[in-house]
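Results of the structural survey
Below, each chain spelled out in residue letters.
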Amino acid sequence: MKKVEKMKTLSKNTFVITSILILMVMISSCSTQDTAVPNDDLSKGKTPGTIRIGAVLALTGAASIHGQNEREGLELARKEINSKGGIAGKQVEIIYEDDQTDSAKSVTAIKKLVEVDNINLIIGGTWDFLANADIPVIEEGKAVLLSPSALPDTITQKSGRFFSVHSPIALHSDSMEGWMAKTGVKKVAAIVVNNPWGLAHMAAIEDAAKMQGVDIILEEKLPSFDQNDLSTVLTKVSASGADGLFIAANFDDSALLAKKRSELSIKMPILSGENFYTALATGKIDKKDAEGVYALKFESGQSDFPNRFEKEYGKSPDIYSDTAYDALYAFKAAIEKADSQDPDRIIQSLHEISFDGASGKIFFGDKNYPENKKSVLGTIRDGKWIKDE
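Residues numbered from 1 in each chain as written. Predicted model: local features only at pLDDT ≥ 70, side-chain atom pairs only at ≥ 80, totals over all residues. Heavy atoms only, no water.

**A word on the overall build of the protein chain**
Secondary structure summary: the protein chain contains 13 helices and 14 strands in total. For the protein chain, with 389 residues in total, the buried portion stands at 51%. Counting only contacts in the protein chain whose residues sit at least 6 apart along the sequence, the fraction spanning at least 24 positions is 69%. Roughly 17,900 Å² of accessible area belongs to the protein chain as shown, and the carbon and sulfur atoms make up 52% of that amount. (Helix = DSSP H or I, 4+ residues; strand = E, 2+ residues; numbered from the N terminus. Buried < 20%, exposed > 50% of the residue type's maximum accessible area, 1.4 Å probe, protein only. Contact = heavy atoms within 4.5 Å. Areas by Shrake-Rupley, 256 points an atom, 1.4 Å probe, with all protein chains shown as cover.)

**Observations concerning the pattern of salt bridges**
In total, this model carries 20 salt bridges according to the counting rule given. Between Asp 117 and Lys 112 there is a salt bridge, with the nearest N and O atoms lying 2.8 Å from each other. A network of salt bridges, in which partner residues are shared, links Glu 80, Asp 304 and Arg 308. (Salt bridge = Lys/Arg side-chain N within 4 Å of Asp/Glu carboxyl O.)

**Description of the packing of aromatic side chains**
As enumerated under the stated definition, the model contains six aromatic pairs in all. Geometrically, the ring pair formed by Phe 163 and Phe 364 is edge-to-face, given 5.4 Å between the ring centres and 70° between the ring planes. With Phe 163 in strand 5 (residues 162–164) and Phe 364 in the loop between strand 12 (360–363) and strand 13 (375–381), this residue pair connects regions lying 201 residues apart in the sequence. Note on accessibility: Phe 163 and Phe 364 belong to one class, buried. With a centroid separation of 5.8 Å and an interplanar angle of 50°, the aromatic rings of Phe 305 and Phe 309 are classed as tilted. One end of the pair, Phe 305, and the other, Phe 309, are both in helix 11 (residues 305–313), four residues apart, so they sit about a helical turn from each other. Grouping aromatic residues by their ring pairs yields a cluster made of Phe 305, Phe 309, Tyr 313, Tyr 325 and Tyr 329. One Lys or Arg, Arg 71, reaches over the ring of Tyr 96 and ends 4.0 Å from the middle of that ring. (Phe/Tyr/Trp six-rings, centres within 6.5 Å; stacked < 30°, edge-to-face > 60°. Lys NZ or Arg CZ within 6 Å of the ring centre and 35° of its normal.)

**What to know about the sheet that holds strand 3 (residues 121–124)**
Within the open sheet, the five strands sit side by side as 2-1-3-4-5. Their pairing is parallel. Of all the strands in the sheet, the pair left with one neighbour each is strand 2 (91–98) and strand 5. Across this sheet, the average inter-strand angle for adjacent strands is 25°, counted without regard to direction. Pairing of strand 1 (residues 50–57) with strand 3 involves three bridges; the strand directions are parallel. Note that in strand 3 the partner of Val 56 across the bridge is Gly 124. Packing against the sheet, helix 3 (residues 103–116) makes contact with strand 1, strand 2, strand 3 and strand 4 (144–147), and its axis sits at approximately 170° to strand 1. Sitting on the sheet, helix 12 (residues 321–338) touches strand 1, strand 2, strand 3 and strand 4, and the angle it makes with strand 3 is about 160°. (Pairing = 2+ DSSP bridges. Axes fitted to C-alpha atoms, helices over the stretch in contact; angles between N-to-C directions.)

**Things to note about the confidence of the model for the protein chain**
Summarising the model, the protein chain shows a mean pLDDT of 88, and 88% of its residues fall at 70 or more. With pLDDT under 50 throughout, residues 1–12 is counted as low confidence; its partners more than four residues away or in other chains account for zero contacts. Counting contacts from residues 43–47, a segment whose pLDDT is below 50, to residues more than four positions away or on other chains yields four contacts. (pLDDT = per-residue confidence, 0-100.)

**What to know about the packing of helix 2 (residues 64–83) against helix 12**
In the contact formed by helix 2 and helix 12, the axes pass within 7 Å of each other and the chain directions differ by 40°. Relative to helix 12, helix 2 is oriented oblique. Relative to helix 12, the crossing made by helix 2 is right-handed. Contacts between helix 2 and helix 12 involve Asn 69, Glu 70, Gly 73, Leu 74, Leu 76, Ala 77, Arg 78, Glu 80 and Ile 81 from the former and Ser 321, Ala 324, Tyr 325, Leu 328, Tyr 329 and Lys 332 from the latter. (Parallel < 35°, antiparallel > 145°, perpendicular 65-115°, else oblique. Left-handed = near helix turned anticlockwise from the far one by under 90°.)

If you want it as structure tokens, here you go:
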């Protein structure tokens, strides 16, 4: 009898303990859910919390210069937004992942954000091959990927869930024509990296040459991502009879070009892509070796952005700081317009929003990128990029 009563007591105690544990799990679950805003209408939500945005950036590896610039732009935007009440009254939190400039690691990071963290609004795809790897995962997870720097004309994985704040390289054709007209070149040698980014530049210079009646007499496609044998290539350029040189190369090759230009006494006008000035700004190129080189950029937007950036970081903004800054503000505008974080509603809103960003006018319209930004030509003087008038 005592044994039966003891078993009943143990059973009762077990039931009580189990009930308490279940209750604790339910409370913990509710508490966890309260920290993030669900995807329904924000104006109806009374639950305090944060709006979480994912960011998969190349914080290390070959693209780390760009990735770190993007992080600085994002952080400045986040601080500004939160200081002014956040998005729909919710503070913004950015969950960072480093893809190490590796497409496999980028895919893993995207999956982690979507499947584990339940985040479906993501800023990332620092370079085109990273974005191209990410897009199928974004499609599968029904998320949205907004890139500050992947070029629209290098994206082979077409998707309505991918947007880029950067304009196509093809828009640089007008500035390339301006360089040809200003310098009077008639025979141009073109050196580009043999990847989608480089080939987009080659297509643009070819279009500009056709419009100006200029001959592209030498096309060199660099086989490696960076650190190519430029001495041999530049010897070919010197022997080609070219009177102008266009180059779209990565940082180390841009630095080597600048150095070899002096060593080989190359006097012809040189036009470079954006990476040349980035290599100069980050100390890879001595300013005396860059003097007089023409460089392409897209026109800047908000005139006070450089001042605010310098106040925050003690330095001037570099390439893609402004487009990353605009990417977060684009999500802010889309979330507020949609009154939701639902990815499909965000996609619709991204096509409708319009604002003056740090990198220029942000208006996607029926595209997945802003095609209204103006390309500008500048010359490097005393280590600074000076816009040509």
